[in-house]
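# Per-entry structural report
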Amino acid sequence: MAMAFFSLVVAVAVGILKSHAGTGLAEAILAGGTAFGATMGVCLAAVTAVKELRKIT
């Protein structure tokens, strides 16, 4: 739940920044969606890495 909320915050921030940069609404939404997906991927990879590192010790 926390990862999804964090990803949503990042996506909204990117969308706002893109819209203030003068791009269209569709491009701002696309950039926000891309940011959401990338952030979720990084969060999921981090959780997996931490679980694997805990197995080692």
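The text that follows walks through the structure, step by step, so that each part is easy to find. In this text the structure is predicted, and so the values were computed from the model without any measurement.

Cut-offs used in this document
Residues numbered from 1 in each chain as written. Predicted model: local features only at pLDDT ≥ 70, side-chain atom pairs only at ≥ 80, totals over all residues. Heavy atoms only, no water. Salt bridge = Lys/Arg side-chain N within 4 Å of Asp/Glu carboxyl O. Buried < 20%, exposed > 50% of the residue type's maximum accessible area, 1.4 Å probe, protein only. Helix = DSSP H or I, 4+ residues; strand = E, 2+ residues; numbered from the N terminus.

## Examining the pattern of salt bridges
Tallied over the full model, the rule gives 2 salt bridges. Across the salt bridge formed by Lys 18 and Glu 27, the nearest N and O atoms sit 3.5 Å from each other. Of the residues examined, Lys 18 reaches a relative accessible area of 27% and is grouped as partly exposed. Here Lys 55 and Glu 52 are joined by a salt bridge, their closest N and O atoms 3.5 Å apart. Highlighted residues: Lys 55 and Glu 52, both in helix α2 (residues 25-56), separated by 3 residues, approximately one helical turn. For Lys 55, a relative accessible area of 63% corresponds to the exposed category. Judged by its relative accessible area of 42%, Glu 52 falls in the partly exposed class.

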